[in-house]
Amino acid sequence: ESAGTMAVATVNLRALTSWVGIARIFAVVLSCLTFSLVASTGNFGGPYGTWCMFTWCFCFIVTLLVLLLELLELYPMLPLSWDDFTSAFSMLAALMVFTSSVVFPSTFISSPCSSNYCARQAVATTASCLCFLAYAAEVGLTRAKPGDISSFLSTVPGLLKVFEAYVACLIFSLLDEYNKESGLMWCVAVYSICFIFTLLIIIFTIGRCLAYIPCPLDKMLVGYNLLALLMYITATVLWPLYSFRGKSRPNSCGRGCSWDKHLGITFLTIFNLIAYLVDLIYSSRMVFIRTP
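Residues numbered from 1 in each chain as written. Predicted model: local features only at pLDDT ≥ 70, side-chain atom pairs only at ≥ 80, totals over all residues. Heavy atoms only, no water.

The subject of this paragraph is the pattern of salt bridges. This structure, assessed with the given rule, holds four salt bridges. Of the charged contacts, one joins Arg 245 and Glu 181 as a salt bridge, the two residues approaching to 3.7 Å between their closest N and O atoms. Within this pair, whereas Arg 245 is found in the loop between α9 (217–244) and α10 (258–288), its partner Glu 181 is found in the loop between α7 (156–174) and α8 (182–206), the two being separated by 64 residues in sequence. Look at Glu 181 and you get partly exposed, because its relative accessible area is 27%. Several salt bridges converge on common partners, so that one network encompasses Arg 24, Glu 70 and Glu 138. (Salt bridge = Lys/Arg side-chain N within 4 Å of Asp/Glu carboxyl O. Helix = DSSP H or I, 4+ residues; strand = E, 2+ residues; numbered from the N terminus. Buried < 20%, exposed > 50% of the residue type's maximum accessible area, 1.4 Å probe, protein only.)

Right, here's the structure in full:
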């Protein structure tokens, strides 16, 4: 009975002492420091401040949970692909923290910055940037080696799937005044369709449901990436064409201006177009060029 109890209470110290574990510990400490400093200023209102605080708290909680589950070796009990989950989360956390590291100082830190209040905001921004580096290091440490596809979301195409879904979410957050032009409505349909299918691929991979798809998965992904790339090419052309045709930036265009939002969507569309192109190249190599 005592032996059984000892087996259940197994502690894997390597979860804390490995390079991946050290990167996660840094991420936990830095994310906690960041949201604590921002909370102490009391200035994080509005949608941008709420997003930044949610990002740091969410990443802190999930990373701490990952560390505890690996330390106590409880993760095999979960009905999901643990390697895929941790790879997808570290990529998502890196993207979220990077966005917050840019949005927070540009929104809340004013110039000149000389008070103790502003100093705490500056230290929080620095800690957030270091937290991004910790998550980026984890992504690099857990990325699958060439030829290894045992964990799809740790491969380059898998990590790009997370990037593509996240960029689509940023696009949705900026959408404004698009239902008056048929070209813009087509672009929104492109963003939505590609986001839904990409998100389903991520969820099915983590939930170990891809085996139930009655067709060759690798070839299906290549076909989907090609279709998504073609759709994003049309969006890359049509979105700026219909958004800025005969329109110049208004002189009264302040924060939250529709013209600036449409410009942001233009750049994000280009980013996703490049991501789907690279995704197609890598997934095609994985399918048609076998590594000995």
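Picking up after the structure, the text goes on.
Within the structure shown, the criterion is met by 17 aromatic pairs. Joined through ring pairs, the aromatic side chains of Tyr 191, Phe 197, Tyr 224, Tyr 232, Trp 239 and Tyr 276 make up one cluster. (Phe/Tyr/Trp six-rings, centres within 6.5 Å; stacked < 30°, edge-to-face > 60°.)

Mapped onto this numbering, the UniProt entry gives "transmembrane region" (unreviewed entry) at residues 16–39, 51–69, 89–110, 117–137, 149–172, 184–206, 221–242 and 263–282. Across residues 51–69, helical content stands at 100% and strand content at 0%; the span's end C-alpha atoms are separated by 27 Å. The distance from the first to the last C-alpha atom of residues 184–206 is 33 Å, and the span holds 100% helix and 0% strand. (UniProt positions renumbered as here; feature names shortened; annotations may be inferred.)

So, on to the domain arrangement of the protein. Annotation of the protein at the domain level lists domain 1 (9–150) and domain 2 (155–291). Contacts between the two partners involve 21 residues from domain 1, matched on the other side by 13 residues from domain 2. Both faces combined, the contact of domain 1 with domain 2 buries some 1500 Å², and carbon together with sulfur accounts for 73% of it. Together, Met 91, Leu 95 and Arg 143 form the three largest contributors to the area buried by domain 1 at its contact with domain 2, with a combined 26%. (Domains from an automatic or database assignment. Contact = heavy atoms within 4.5 Å. Buried area = accessible area lost by both parts, 1.4 Å probe.)

In this structure, Phe 163 sits in helix α7. Phe 163 sits in the partly exposed class, given a relative accessible area of 22%. C-alpha of Phe 163 to C-alpha of Ile 25: the two residues are 138 residues apart in sequence and 23 Å apart in space. Among residues more than four places away in sequence, those in contact with Phe 163 are Met 91, Leu 95, Phe 271, Asn 272 and Ala 275.

Turning our attention to the nonpolar core. Judged by nonpolar contacts, the single largest core of 55 residues is most densely connected at Tyr 135, Ile 171, Tyr 191, Cys 194, Tyr 232, Trp 239 and Tyr 276. Taken together, the elements giving at least two residues each to this core come down to α3 (19–41), α4 (46–71), α5 (82–108), α6 (116–142), α7, α8, α9 and α10. The element contributing the most residues to this core is α8, with 10 residues. Of the residues that make up this core, three or more belong to each of domain 1 (9–150) and domain 2 (155–291). One finds Phe 35, Leu 37, Met 53 and Phe 104 within the second-largest nonpolar core, a separate group that totals 10 residues. (Core = buried A, V, L, I, M, F, W, Y, C linked by side-chain atoms within 4.5 Å.)

The grouping of Ile 193, Ile 196, Phe 197, Leu 199, Leu 200, Ile 203 and Phe 204 at the surface amounts to a nonpolar patch, some 590 Å² of accessible area in total. On the basis of relative accessibility, which here comes to 47%, the residue Phe 197 falls in the partly exposed class. (Patch = residues over 30% accessible without salt bridge, like charges linked within 9 Å, V, L, I, M, F, W, Y side chains within 5 Å. Areas by Shrake-Rupley, 256 points an atom, 1.4 Å probe, with all protein chains shown as cover.)

Let us look at the state of the cysteines. With the rule as written, the count across this model stands at zero disulfides. A disulfide-free cysteine, Cys 129 has its sulfur positioned 9.9 Å from the sulfur of Cys 131, the nearest such atom. The thiol of Cys 131 is unpaired, and the distance to the nearest cysteine sulfur, on Cys 59, comes to 6.5 Å. Residue Cys 131 is classed as buried on the basis of its relative accessible area, which comes to 0%. (Disulfide = S-S within 2.5 Å.)

Relative to the helices and strands, Asn 225 resides in helix α9. Using a relative accessible area of 0% as the deciding quantity, one classes Asn 225 as buried. Taking C-alpha positions, Asn 225 is 9.8 Å from Pro 157, a pair spaced 68 residues apart along the chain. Other than its neighbours up to four places away in sequence, Asn 225 contacts Lys 161, Tyr 276, Asp 279, Leu 280 and Ser 283. Polar side-chain contacts of Asn 225 include one of 3.4 Å to the side chain of Asp 279. Side chain to side chain, Asn 225 and Ser 283 meet in a polar contact 3.1 Å long. (Polar contact = N/O pair within 3.5 Å; in protein donor to acceptor, adjacent residues only side chain to side chain.)

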